[in-house]
Amino acid sequence: MTGSIMDTFFEECEELLEAMDAGLAAIEEGDQDPETVNAVFRAVHSIKGGAGAFGLDELVAFAHNFETVFDDVRSNKLQLDPKLVQLLFRASDHLSDLVTCARDGGQVDADHHKVLITALGEYIDEEEEEVVFEPMGMGAVFDPAPISAVEEVSYDIRFLPLKEMFATGNEPYFLFQALSDLGALTVRMDDSELPGFDAMEEGETYLSWELTLITSQPRSAIEAVFEFVEGLCELSISTDGDAAAEADALAALNAAFGVTSVEEESAVDIPLEQPEPEQVESPTSAEVDIIETVEPEAEPEQGTDMPAETSKDASKSKSSGPKPTLRVELDRVDRLINAVGELIINHSMLAQQIANLDATDLRDVETELEGFKTLARDIQEGVMAIRAQPVKPLFQRMARIVREASAATGKTAKLVTVGEATEVDKTVIERLADPLTHILRNAVDHGIESPEDRLAAGKSKAGEIRLTAAHRSGSVCIEVKDDGAGLNRKKIHQIAIDKGLVPDNIELNDGEIDNLLFLPGFSTASEISNLSGRGVGMDVVKNAVTALGGRVNIASTPGKGSTFSIILPLTLAVMDGMVVSVAGHTMVVPITAIVETMRGNDDMINNLGADSTLLSIRGSFIPICDVASSLGLRDGSSREPAGVYLLVETENGDRSALAVDDIHDQRQVVIKSLDGVCGNVPGVSAATILGDGKIAMILDPESIVTASSSAAVFDTDRRMSNAIAS
Amino acid sequence: MKTKVLAIDDSRTIRNLLAACLEEAGFEYHSAVDGREGVDAYPGVAPDVVITDINMPNLDGFGVIEELRGTHINSKVPILVLTTESAADMKARARAAGATGWITKPFDDESLIFALKRVTGAVA
């Protein structure tokens, strides 16, 4: 039980840390709203509260320092200047590290920890620093000396509630009941002060009590019972042996009110059984446990040029109340996704069986089958929507990467994020963190120039890195764009030649040189710091993205900066595909890549040189890329004229015509990863199972086109043949 | 009949801890994620005791106490403030607003139950 509560604590920490970072970022931008400061304060405070419950002392202590500083900011005792904001950022990063260490084990950098504590300490007044978790009142009730060692003592307790006590909802009866747990209790009520019925005033108190408690518990246990009413009653606790102590206690407790002695007493027996309180069954039930509301949804991105009125509306809608949500285990969603995948395969098989039936009129069946397909698609979209999450948390983490990288390189770089509300599959978000981190470090390390160089080039001192997420025709595009110096192509080319990655006698165009960065073994670490180097090249980025069925593109303009684009499929499970045949093999081409399809005839084909052909269409020429030969399934020279051309558009807007033998069908296919079966095969992104139970490769048109146009760099043929054969 | 607790706290962790402890001890547990929701939920839940955090969005703990004790709802049930604030003025403010007592975070099960016992008499 505690384990799972702890899990949710760490989950909550993630959310709180995000909220904290978002708040700090807003403050850095000049957000003056006290609620922003409050939100950050609450986040730190909640982390501290939860950490305290699990005895995570280091985390508590640090959060406390952090919180204390922020509390002073909140109450305007401290002014937020850029220096303090930077410190708060560092503290927030460190707090995040502490949370991670608490969860996964491990140690934070002790020196860094001390430095931050000291730095925060400079903002904290001495007297405030003291208290961390002072036990409230006399909290140590249940911590008495061993009972056997202590003799029972008889305490006389005099208790006179003041009328203020009743305004707080405290009841003498319950206090006596708690006392009776400590030992044998005798209660005598003094009603001598009761006036006649007519003279009684509402809200006045007339009763007092004299109690005798025989207990082995220490006096502090008795005092603890009266903790909540301290100052709201006259109280004296005495034993036969400590008249002096009694006098002291009386003096201390009753100084403000003066002591009245109780002269007449009448003994009243008070039953100490709990009466049945009258209650009605509540309509809500135990389900309350799993239904929780969360913070309002991530705000849509706000451009800086957005009119003030709109942003006011946005904040208004934010406070209009949280949407109810349901938290479920990811496993359950994944089971559903698998089932939907099977359902779609099942549909294909059913459709095939029906098509094979020797019946005359199948129209009704086909109509129903079409309905089946629509429903399956609805379910699939619904399930995928469950897994979709905004990229905001991921982007917020990246702000930290840029901060750290800037600090390590002595450069000034600012991260601007756009499209944080863009939703992407959860797995994609998780697996994007590493590639994005790498690209961003590179951008700061290699892209952004030093402040001096920037000023010399007539740019602003601080570099800007723009991180953008957007949906683009069935895929998600994540872009990292810096305004730095751009790629040094000459150097890149030379390094590739030096490392023997490319022959030195081949001319490469700019795009080809840029792509050299992705070759395994390419690393420019020799030149610059160990920050982005670390012995890992951009090939790792490419592999990670390819594993997600996506690809990475580079665009760069000397002196203006570079853009790295990661293009990913929206879903990882199902896609719309066109089933085609290529040299006797059935293959699938993603519909999203296809602009147009057409039957070819000889008039449209123009030869260009020895082994290039162009397709003439509506007055323009488009290079033809023969899929079969590009995959090594057929010798390029001996091919027959293709039957069908699929016009595809690549990321940079160029069109190509993929030549295939025939088109069979258009259908949803379930994506099955090739990982571990035959690794990363150029030209093929994944495989699927068709309605007849056969396996078909899903083609990646982009990489087929690239491969066929720059065959010098990528030798795909043999690997592809192997893949198909296996 | 179980004693009904309405716990108002914006921290999921604290709500989970309260739920685990209180349900184990036999209380009927209800929760709300901020002060506004807590006050809104109060009439429907009709709790025997309210536990509220101080630092919360939308409506803080003082606001909760003031609204519950106000003439509109006019609640007489005990209200325990759940807070890491140990400063005396925090206690005084809560009490002035009508809080019955307080539970200091981090709390253990025993001190939580003990606090409830002193204000409701109930152990379950």
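The structure contained in this document is the topic of the report that follows. (Residues numbered from 1 in each chain as written. Chains lettered and ligands numbered in written order. Predicted model: local features only at pLDDT ≥ 70, side-chain atom pairs only at ≥ 80, totals over all residues. Heavy atoms only, no water.)

## Things to note about the overall build of chain B
Thinking step 1. Looking only at helices and strands, one finds five helices and five strands in chain B.
Thinking step 2. Going from the N terminus to the C terminus, chain B shows its helices and strands as β-α-β-α-β-α-β-α-β-α.
Thinking step 3. The 124 residues of chain B split such that 69% are buried.
Thinking step 4. Taking as baseline every contact in chain B between residues at least 6 positions apart, the subset at least 24 positions apart corresponds to 64%.
Thinking step 5. For chain B, the exposed area adds up to about 4000 Å²; of that, 50% sits on carbon and sulfur atoms. (Helix = DSSP H or I, 4+ residues; strand = E, 2+ residues; numbered from the N terminus. Buried < 20%, exposed > 50% of the residue type's maximum accessible area, 1.4 Å probe, protein only. Contact = heavy atoms within 4.5 Å. Areas by Shrake-Rupley, 256 points an atom, 1.4 Å probe, with all protein chains shown as cover.)

## Describing the packing of helix α3 (residues 61–69) of chain B against helix α4 (residues 88–97) of chain B
Residue and element names in this part refer to chain B.
Thinking step 1. Contact geometry for α3 and α4: axes closest at 8 Å, N-to-C directions at 20°. Between α3 and α4, the angle is such that the two are roughly parallel. The interaxial crossing formed by α3 with α4 has right-handed handedness. Contacts between α3 and α4 involve F62, I65, E66 and R69 from the former and M90, R93, A94 and A97 from the latter.
Thinking step 2. Each residue belonging to the contact of α3 with α4 can be placed in one class, and the counts come to five nonpolar, no polar and three charged. (Axes fitted to C-alpha atoms, helices over the stretch in contact; angles between N-to-C directions. Parallel < 35°, antiparallel > 145°, perpendicular 65-115°, else oblique. Left-handed = near helix turned anticlockwise from the far one by under 90°. Nonpolar A, V, L, I, M, F, W, Y, C, P; charged D, E, K, R; others polar.)

## Re the packing of aromatic side chains
All names here are of chain A.
Thinking step 1. Scanning all chains against the criterion turns up ten aromatic pairs over all chains.
Thinking step 2. On the numbers, 6.3 Å between centres and 70° between planes, the contact of F66 with F70 is edge-to-face. Here the residue F66 and the residue F70 both occupy positions in helix α3 (residues 57–74), the gap between them amounting to four residues, near one helical turn.
Thinking step 3. Taken together, a centroid distance of 5.2 Å and an interplanar angle of 45° make the contact between F159 and F226 tilted. Pair noted here: F159 is in strand β1 (residues 153–161) and F226 is in the loop between α9 (219–225) and β4 (233–239), with a separation of 67 residues, a long-range link.
Thinking step 4. Its relative accessible area of 1% is what places F159 among the buried residues.
Thinking step 5. For F226, a relative accessible area of 2% translates into the label buried.
Thinking step 6. Taken together, the ring pairs in this structure connect F159, F176, W209 and F226 into an aromatic cluster. (Phe/Tyr/Trp six-rings, centres within 6.5 Å; stacked < 30°, edge-to-face > 60°.)

## Focus: the nonpolar core
One broad rule of soluble globular proteins: the nonpolar side chains tend to lie buried together.
Thinking step 1. Among the nonpolar cores identified, the biggest contains 89 residues, and F66 of chain A together with L18, L22 and I51 of chain B are the most heavily contacted of them.
Thinking step 2. The contacts of F66 of chain A, once residues within four sequence positions are left out, are M20, V44, L88, A91, S92, L95 and L120 of chain A.
Thinking step 3. Of all hydrophobic cores here, the second largest spans 47 residues; its members include L487, V545, V552 and L568 of chain A. (Core = buried A, V, L, I, M, F, W, Y, C linked by side-chain atoms within 4.5 Å.)

## Considering the sheet that holds strand β1 (residues 4–8) of chain B
Residues and elements named next belong to chain B.
Thinking step 1. Spatial ordering of the open sheet is given by β2-β1-β3-β4-β5, a layout of five strands whose pairing is parallel. A single partner strand is all that each edge strand has here, and the edge strands are β2 (28–32) and β5 (101–104). For this sheet, the mean angle separating the axes of adjacent strands, direction not counted, is 20°.
Thinking step 2. Bridge count between β1 and β2: five bridges; the pairing is parallel. (Pairing = 2+ DSSP bridges.)

## Here we look at unusual backbone geometry
The bulk of non-glycine residues show a negative phi, and the bulk of peptide bonds are trans.
Thinking step 1. Located in the positive-phi region is A583 of chain A, a residue other than glycine, with phi close to 45°.
Thinking step 2. For A46 of chain B, which is not a glycine, the phi torsion comes out positive at approximately 50°.
Thinking step 3. Its place among the elements puts A46 of chain B in the loop between α2 (35–45) and β3 (49–53).
Thinking step 4. Of the residues examined, A46 of chain B reaches a relative accessible area of 34% and is grouped as partly exposed.

## A short note on a negative patch on the surface
Thinking step 1. A surface patch of negative charge is lined by E24, D108, D109 and E110 of chain B.
Thinking step 2. Along the chain, the position of D108 of chain B falls in the loop between β5 and α5 (109–120). (Patch = residues over 30% accessible without salt bridge, like charges linked within 9 Å, V, L, I, M, F, W, Y side chains within 5 Å. Salt bridge = Lys/Arg side-chain N within 4 Å of Asp/Glu carboxyl O. Lys, Arg positive; Asp, Glu negative; His and termini not counted. Charge placed at Lys NZ, Arg CZ, Asp CG, Glu CD.)

## Quick look at α5 of chain B
Thinking step 1. Between its first and last C-alpha atoms α5 of chain B spans 16 Å; for twelve residues at 1.5 Å apiece the expected length is 16 Å, and the two agree.
Thinking step 2. α5 of chain B sits mainly inside the fold: nine of its twelve residues count as buried.
Thinking step 3. Regarding α5 of chain B, the residues found buried are L112, I113, F114, A115, L116, K117, R118, V119 and T120 of chain B.
Thinking step 4. Looking at the buried residues of α5 of chain B, the elements they touch are α8 (172–180) and α9 of chain A together with α1 (12–24), β3, β4 (79–83) and β5 of chain B.
Thinking step 5. In the stretch just after α5 of chain B, G121 of chain B is the one whose phi turns positive, near 80°. (Expected span 1.5 Å × (residues − 1).)

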